[in-house]
Amino acid sequence: MAGNPSTKNEDDTINDNNEVGYLKESSSSSSSKEKEEENEMALNTMHRSSSRPQLDLSGAAIQGNFEERNPTILLPNQSDDISHLALDIGGSLIKLVYFSRHAELSPDDKRKRSIKKRFGISNGSRRSFPILGGRLHFVKFETEKLNECLDFISSKQLHRGGIDSPSWRSGTISDDNITIKATGGGAFKFADVLKERLGVSLDKEDEMTCLVSGANFLLKAIRHEAFTHMEGQKEFVQIDHNDLFPYLLVNIGSGVSIIKVDGYGKFQRVSGTNVGGGTYWGLGRLLTKCKSFDELLELSQQGDNSNVDMLVGDIYGGMDYSKIGLSASTIASSFGKTISENKELSDYRPEDISLSLLRMISYNIGQISYLNALRYGLKRIFFGGFFIRGHAYTMDTISFAVHFWSKGQAQAMFLRHEGFLGAVGAFMSYEKHGLDDLRVHQLVERFPMGAPYVGGKIHGPPLGDLNEKISWMEKFVQKGTEITAPVPMAPPGTTGMGGFERPSSRGNSLRSDASATLNVGVLHLVPTLEVFPLLDDPKTYEPNTIDLADHSELEYWFKVLLEHMPDLVDKAVASEGGTDDAKRRGDAFARAFSAHLARLMEEPAAYGKLGLANLLELREECLREFQFVDAYITIKQRENEASLAVLPDLLMELDGMNEEDRLLALIEGVLAANIFDWGSRACVDLYHKGTIIEIYRMSRKKMQRPWRVDDFDEFKKRMLIDGNNRQQPYKRALLFVDNSGADVVLGMLPLARELLRRGTEVVLVANSLPALNDVTANELPEIVAEAAKHCDLLRKAAEAGGLLVDAMVSIQDDLKDRSASVPPLMVVENGCGSPCIDLRQVSSELAAAAKDADLIILEGMGRAIHTNLNARFKCDALKLAMVKNQRLAEKLFNGNIYDCICRFEPAGQVLREDSVRI
Ligand SMILES: CC(C)(COP(=O)(O)O)[C@@H](O)C(=O)NCCC(=O)O
Ligand SMILES: [Mn+2]
């Protein structure tokens with residue numbers, strides 16, 4: 001039974017007299033691998049610690065004169081010679097941005113080298129970007145606790161390039177020479193302390209310049225950086241970086257700076273106000289005795305400001321002042337009620353005072369900002385600074401003020417990295433790192449469980465190893481449970497006509513800063529990522545078919561993922577030998593992923609725009625974070641072996657058919673074999689009912705046409721060359737393969753073979769990193785090699801594509817032999833480690849292979865349905881999947897679980913009616 005080692009063996013249950021055919025007793029399992037090879041493979045997989053392929057160190061190139069005796073060698077990813085840290089030391093907070101290199105680099109294996117050669121992908125063509133191939137982290141400390149910040153820097157050796165830096169390890173850097181970029185008033189005030197404690201000098205950068213360059217960078221390079229926030233609703237705004245300027249930047253720190261930004265490096269501080277975050281905190285502290293800014297902010301959530309503020313209704317006997325558009329609940333005068341009553345401070349609730357203060361200051365900032373926008377004719381106002389802290393009420397109040405006074409003409413927008421603008425700008429001011437040239441598709445934001453380090457408070461010393469991380473995470477999650485508990489609902493918000501109206505953002509969209517600590521992730525800088533060149537319109541491309549904005553949808557998918565967790569943890573722990581260490585990591589993974597889900601349930605947009613694909617990827621990332629290299633490895637291997645054993649018979653039967661029947665059998669085969677999906681609850685339950693081959697056979701039997709979406713006839717017309725309508729065969733097909741085992745071996749490989757037979761070059765596109773039971777690009781050459789033992793055509797094509805080990809001995813020969821009559825079968829990695837694929841960020845290999853492709857085949861639910869069902873391409877596209885979830889089948893296709901989708905979309909076809917988005 002598939003996936004259950006305690007049940008009967010595959011091999012003794014195979015039946016050769018079934019109706020469907022193709023299957024007969026397997027005499028032997030696939031050849032056993034050499035132990036060494038296994039070890040090497042395991043090692044290769046172990047190297048891949050992050051979900052995107054990482055920068056290739058082999059880009060080293062000689063700079064300048066080649067004849068020189070000791071020419072300078074440029075290492076594009078070598079970052080030792082630059083500082084890794086920048087600081088923004090403000091009145092209340094210290095913001096740190098630091099860089100860490102990727103721990104491991106993906107090996108430049110033979111397959112990769114062959115592909116690079118074939119498609120002319122070079123490492124040397126990139127400019128000198130020492131900073132790329134690493135990660136940017138964001139951390140904050142209270143300025144009062146400067147010592148904690150210095151301890152953090154020192155224990156991580158950030159001022160010396162990080163603890164992983166060779167120069168730190170070898171002691172070649174002397175502290176005296178180190179300069180760190182810093183901005184903010186504290187860069188002057190604390191320069192001596194830094195010199196004394198860390199031995200470093202501060203290179204002071206202008207604060208406004210840093211704010212602006214930080215904002216420009218973030219708006220240009222991060223997809224979901226800016227968002228609006230109105231009446232509790234967060235909406236991400238896609239900023240076209242060609243149409244960014246001019247805008248107004250309002251940075252709310254202790255005080256407020258208002259800057260008109262006209263371009264890169266072109267700006268003017270046009271105004272400001274001394275009533276800012278410091279005012280709220282200072283007055284709030286005096287009036288409420290709160291111990292921290294966050295406590296004060298939290299307090300405001302239980303407040304009712306009408307006990308303190310004088311409302312229009314208080315003046316007009318409970319009536320609206322409708323003539324000028326003010327409702328009874330509008331604030332006429334902040335704190336106005338406190339003058340007319342004979343009460344002391346102690347007679348007022350601190351909660352009410354905090355809220356009144358917060359609204360007064362936020363509203364005032366919103367209004368002054370609007371007036372400045374009006375003065376310069378600007379429509380867009382971006383608000384940054386740590387005063388905001390992702391606090392819904394603050395953002396709503398500011399948005400309300402801007403919207404009300406501009407009569408909807410100007411828009412308030414907020415930035416996810418609100419507090420880090422200055423620090424990012426200071427970081428950008430280092431020369432040589434090439435950050436300016438980064439593009440959206442080269443940045444991947446990840447949310448590891450250590451995220452409270454990033455954008456969050458630091459609890460205790462930095463984590464040294466995984467063990468520390470797990471125990472720290474356990475503590476954090478305990479804390480997180482308190483935090484993520486629903487915030488009490490406020491009394492119903494008053495509505496009215498404007499003016500000092502009370503914004504209605506209350507209830508569970510409010511949260512403390514502590515829970516907002518996961519809002520800012522780690523930015524992975526991956527220069528090898530590209531936009532998939534065959535996307536018809538990358539600007540309108542939306543990878544998520546289900547965007548989870550609908551709360552019931554969100555709840556459903558959260559439930560699915562939670563239910564799947566115990567099984568996943570079991571598999572993950574077993575994949576690492578079931579040791580105590582693996583169990584502890586499994587437990588930590590479950591806690592961490594549940595904490596992420598809880599956080600997202602509370603605020604779905606916390607990590608940027610949320611779609612199902614993001615959730616599925618987050619789960620894989622989380623597994624990797626706890627060092628589960630490949631949770632489904634055993635299952636994948638077993639299914640590969642069982643399927644390879646029956647492949648020769650399948651191929652023989654296919655070869656006995658006429659063209660038309662064969663093509664149908666091939667497509668049926670892909671759809672039927674897509675049932676092997678360890679991410680689907682229903683399928684996993686099914687696997688307990690039979691062996692792999694039994695299930696495959698059962699699945700084939702059920703292949704009744706018409707399928708739920710059935711464009712097979714159109715596809716057939718295009719594929720088959722008939723007497724009247726002679727079509728050219730496709731030149732190159734990209735086959736986005738999905739699962740290991742039957743799916744790839746009995747489904748996609750035979751289809752690939754058919755295309756090869758028709759003279760089409762075939763590129764198998766597979767994951768860079770494991771995700772569920774998906775096959776990876778690393779694993780494919782071995783599978784193809786096994787299959788090729790039974791098929792001459794596959795062997796020759798694989799040889800021509802540089803896939804077979806023998807053929808890979810000399811890539812050069814392989815490339816010379818392009819004239820061989822068999823088209824090549826190649827494998828490229830897709831750049832992902834997820835069951836889905838976002839085609840805005842794919843590997844350079846895939847992008848290069850796509851250039852001459854005229855057919856793409858997307859297979860499986862993750863790639864063809866969850867993502868890309870509505871994607872439009874410049875070339876013909878075939879989308880094949882079995883729908884293995886009842887709800888999805890109903891919602892998207894008005895169908896049922898196990899329905900099949902065969903959608904053929906010729907290039908340039910107008911959008912189909914059955915294109916769906918829910
Ligand atoms: C994770 C998956 C997208 C993988 O499907 P595949 O791409 O392998 O066909 C799919 O199994 C899925 O959506 N699972 C969750 C839903 C469920 O358990 O029903
Ligand atoms: Mn899959």
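Just so you know, the residues in each chain are numbered from 1, in the order the chain's sequence is written. Going through the entries in the order they are written, you letter the chains from A and number the ligands from 1. This being a predicted model, a pLDDT of at least 70 is required before a residue's local features are given, and a value of 80 or more before pairs of side-chain atoms are given or counted; all residues contribute to the totals for chains, interfaces and linings. Processing note: side-chain calculations cover all non-hydrogen atoms of the structure and skip hydrogens and water entirely.

1. A short note on empty space enclosed by the protein
Applied cut-off: Only protein atoms enter the 1 Å grid, on which a cavity is a set of points fitting a 1.4 Å probe that cannot get out and a pocket is an open set with protein on both sides within 12 Å along at least 5 of 7 lines, lining residues being those with an atom within 4 Å of a point. Grid points are joined across faces, edges and corners, and a volume is the space filled by probe spheres set on the points. Classification convention: Asp, Glu, Lys, Arg as charged; Ala, Val, Leu, Ile, Met, Phe, Trp, Tyr, Cys, Pro as nonpolar; all other residues, Gly among them, as polar. Bear in mind that the domain bounds are from an automatic or database domain assignment.
This structure, assessed with the given rule, holds three cavities of 30 Å³ or more. A volume near 80 Å³ is recorded for the second largest cavity. As for the second largest cavity, its lining consists of Glu 620, Leu 623, Arg 624, Phe 628, Val 629, Asp 630, Ala 631, Tyr 632, Pro 770, Ala 771 and Leu 772. A breakdown of the residues in the lining of the second largest cavity according to their chemical character gives eight nonpolar, no polar and three charged. When residues of the lining of the second largest cavity are sorted by domain, at least three fall in each of domain 3 (542–625) and domain 4 (631–905).

2. Points about the environment of Leu 869
Selection rule: Runs of H or I in DSSP of at least four residues are treated as helices and runs of E of at least two as strands, each being numbered from the N terminus.
Counting through the fold element by element, Leu 869 comes out in the loop between helix 30 (861–866) and strand 24 (876–882). Taking the C-alpha atoms as reference points, Leu 869 and Asn 544, 325 residues apart in sequence, are found 8.6 Å from one another.

3. Focus on unusual backbone geometry
With an omega of -5°, the peptide bond running from Phe 245 to Pro 246 counts as cis. Looking at the secondary structure, you find Pro 246 in the loop between strand 9 (233–237) and strand 10 (247–252). The backbone phi angle of Glu 231 is positive, close to 45°, even though this residue is not glycine.

4. Some words on the coordination of the manganese ion (ligand 2)
Put simply, the rule is: Counted as donors are the N, O and S atoms within 2.8 Å of the metal, or 3.2 Å for Na, K and Ca, while water is not among the atoms, so some sites may look incomplete. Accessible area is worked out with a 1.4 Å probe on protein chains only. A residue is then buried under 20% of its type maximum, exposed over 50%, and partly exposed in between.
Every protein donor of the manganese ion (ligand 2) is listed here as Asp 738 (OD), Asn 739 (OD1) and Asp 774 (OD), and their distances to the metal cover 2.0 to 2.1 Å. In primary sequence terms, the donor set of the manganese ion (ligand 2) follows D-N-x34-D. Like Asp 738, the residue Asn 739 is buried in the burial classification.

5. Some points on the packing of aromatic side chains
Any two aromatic rings considered together are summarised by their centre-to-centre distance and by the angle between their planes. Selection rule: In this scheme Phe, Tyr and Trp rings, the latter by its six-membered ring, pair at centre separations within 6.5 Å, and the angle between planes marks the pair as stacked below 30 degrees, edge-to-face above 60, and tilted otherwise. Distance and angle both matter: a charge sits over a ring if NZ of Lys or CZ of Arg is within 6 Å of the ring centre and within 35 degrees of the ring normal.
Going through the model one piece at a time under the given rule, you end up with 27 aromatic pairs. Summarising the aromatic geometry, the rings of Phe 532 and Phe 873 are spaced 6.3 Å apart at their centres and angled 80° between planes, so their arrangement reads as edge-to-face. Of the two residues, Phe 532 sits in the loop between strand 18 (522–525) and helix 16 (551–575) while Phe 873 sits in the loop between helix 30 and strand 24, which places them 341 residues apart along the sequence. For the pair Phe 532 and Phe 873, a shared accessibility class is recorded, and that class is buried. Members of the aromatic cluster, connected to one another through ring pairs, are Phe 227, Phe 236, Phe 383 and Phe 414. If you follow Arg 585 out to its NZ or CZ, it ends over the ring of Phe 628, 4.9 Å from the centre.

6. A word on the packing of helix 8 (residues 277–288) against helix 9 (residues 293–300)
Short version of the rule: Think of each axis as a best-fit line through the C-alpha atoms, taken over the contacting stretch in the case of a helix, with angles from 0 to 180 degrees between the N-to-C directions. Angles below 35 degrees are treated as roughly parallel, those above 145 as roughly antiparallel, those between 65 and 115 as roughly perpendicular, and all remaining angles as oblique. Contacts were defined at the residue level, with two residues in contact if any of their heavy atoms lie within 4.5 Å.
Helix 9 packs onto helix 8 with a crossing angle of 75° between their chain directions and a minimal axis gap of 10 Å. Considered as vectors, helix 8 and helix 9 are oriented roughly perpendicular to each other. From helix 8, Gly 277, Tyr 280, Trp 281, Gly 284 and Thr 288 reach across to helix 9, where they touch Phe 293, Leu 296, Leu 297, Leu 299 and Ser 300. Residues belonging to the contact of helix 8 with helix 9 are distributed by class as follows: six nonpolar, four polar and no charged.

7. Regarding the pairing of strand 8 (residues 226–230)
Keep this limit in mind: Two strands form a pair only when DSSP identifies at least two bridges running between them.
Of all five residues in strand 8, four are buried, a share of seventy percent or more. Pairing between strand 8 and strand 9: five bridges, direction antiparallel. Looking at the pairing, Met 230 lines up with Gln 233 of strand 9. The hairpin turn running from strand 8 into strand 9, its antiparallel successor, is two residues long, and Glu 231 in that turn takes a positive phi close to 45°. Alignment of strand 8 against strand 16 (residues 411–415), held across two bridges, turns out to be antiparallel. Residue Phe 227 lies in a different strand from strand 16, and its bridge partner there is Phe 414.

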